[in-house]
Amino acid sequence: MRAAVPRNEDPATDVSLVFAPADRALGSAARSWLAHLAGERRASAHTLESYARDLRQFLAFAATHFGAAPSLATIAELTPADLRAFMAQRRGKGAGSRSLLRQLAGLRSFARYLERNGEAKTNAFAAVRAPKIQRRLPKPLPAEAARQVVGVEARSGENRPAWILARDAAVLGLLYGAGLRISEALAVRRSEAPIGEVDVLTVVGKGRKTRSVPVIAPVRRGIEAYLALCPYVLPPEKSLFVGAKGGPLSPRVIQLAVERLRGALGLPETATPHALRHSFATHLLGRGGDLRAIQELLGHASLSTTQIYTAVDSARLIEAYREAHPRAK
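Below: a short report on this structure. In this text the structure is predicted, and so the values were computed from the model without any measurement.

Analysis parameters
Residues numbered from 1 in each chain as written. Predicted model: local features only at pLDDT ≥ 70, side-chain atom pairs only at ≥ 80, totals over all residues. Heavy atoms only, no water. Helix = DSSP H or I, 4+ residues; strand = E, 2+ residues; numbered from the N terminus. Buried < 20%, exposed > 50% of the residue type's maximum accessible area, 1.4 Å probe, protein only. Core = buried A, V, L, I, M, F, W, Y, C linked by side-chain atoms within 4.5 Å. Contact = heavy atoms within 4.5 Å. Arc of directions from axis to C-beta. Polar contact = N/O pair within 3.5 Å; in protein donor to acceptor, adjacent residues only side chain to side chain.

**Overview of the environment of A88**
Then comes step 1: Its location among the elements puts A88 in helix α4 (residues 80–92).
Then comes step 2: Owing to a relative accessible area of 48%, A88 belongs among the partly exposed residues under this scheme.
Then comes step 3: Spatially, the C-alpha atom of A88 lies 9.8 Å from that of L100, the residues being twelve residues apart in sequence.

**Some thoughts on the nonpolar core**
Then comes step 1: Core analysis: the largest hydrophobic core is formed by 51 residues, its most contacted members being L172, L174, L180, Y226, F241 and L276.
Then comes step 2: Tallying contributions element by element places helix α7 (residues 162–178) first for this core, with ten residues.
Then comes step 3: Setting aside residues up to four positions removed in sequence, L276 forms contacts with L141, A146, V149, V150, L172, L175 and Y176.
Then comes step 4: Ranked by size, the runner-up nonpolar core spans 33 residues in total, among them A30, A38, A43 and F61.

**Looking at helix α12 (residues 291–298)**
Every α-helix winds through 3.6 residues per turn, so residues three or four apart in the chain are directed the same way.
Then comes step 1: Those residues of α12 that sit buried are L291, I294, Q295, L297 and L298. Buried residues of α12, viewed axially, fall in a sector of 165°; they line one side. Opposite the buried face of α12, at more than 90 degrees from it, the exposed residues are R292 and E296.
Then comes step 2: One side-chain oxygen at the N-terminal end of α12 lies 3.1 Å from the backbone nitrogen of R292; it belongs to D290.
Then comes step 3: At the exit of α12 stands G299, carrying a positive phi of roughly 80°.

Take a look at the structure:
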């Protein structure tokens, strides 16, 4: 069965799936691996393109490092020193720890795929330590600032059509009021609009995983206000949110809207659309929300990803203590 591949093109003609300078067998195995990730593992197009690019970079390194076109035998004979040399080269070209971590994860996935299919076996990846990355804490907005960002009132001075101001507020309301990613909010179809008595939204998140999120009344009212003002007919199967000319709404438009609000409200550069999602989680946790429930609402695959918000809340409490306690100064 032919599985989906990046850009939905034929592997024989899609430039993103050409794995020169690998030999024919290794290139074919690489395309089969990506098809497996797309079809059985349901990897996103972004992940597939990143993995394809990462593998091509490794194959280009291998061709120079070994002085010959990489083959399945090359993969089988890899040593930890070879992999460390590749990572050192990537570091020298400016790759950061996060990029190296993803690249190593992709190569390990490819090696496991080859091993499962009996095409090559290597233990080199198990002996190489993944680069350490410093986990940055999310930067949520204060509750009052978040409320201002998602409201229409803060935009009253902007010389833009009322329906666009209402649209931007509705999108941002979903980020802060339901914890959606901007891509998830813009993927909502008109038929799925949470309005009236519909207070639950089914979201397709990362890895094409679905989850249900409750939509509170203020967010529903914001969407209703946008629909009442929108000058375009929105077919049920098309996007709920549209651009100024009626086409798909770009995430960049929402990012620019928040940039304008930063200036108007005096907010820091960390005030971004995604910061509203962080604010959703942090404010729920600060009000006693259950960590596992927040994990489900955010669509995190692992609880450890959600637990970072406990560090954010702890940092906020410590800061409040230092500000208020007479012996803390």
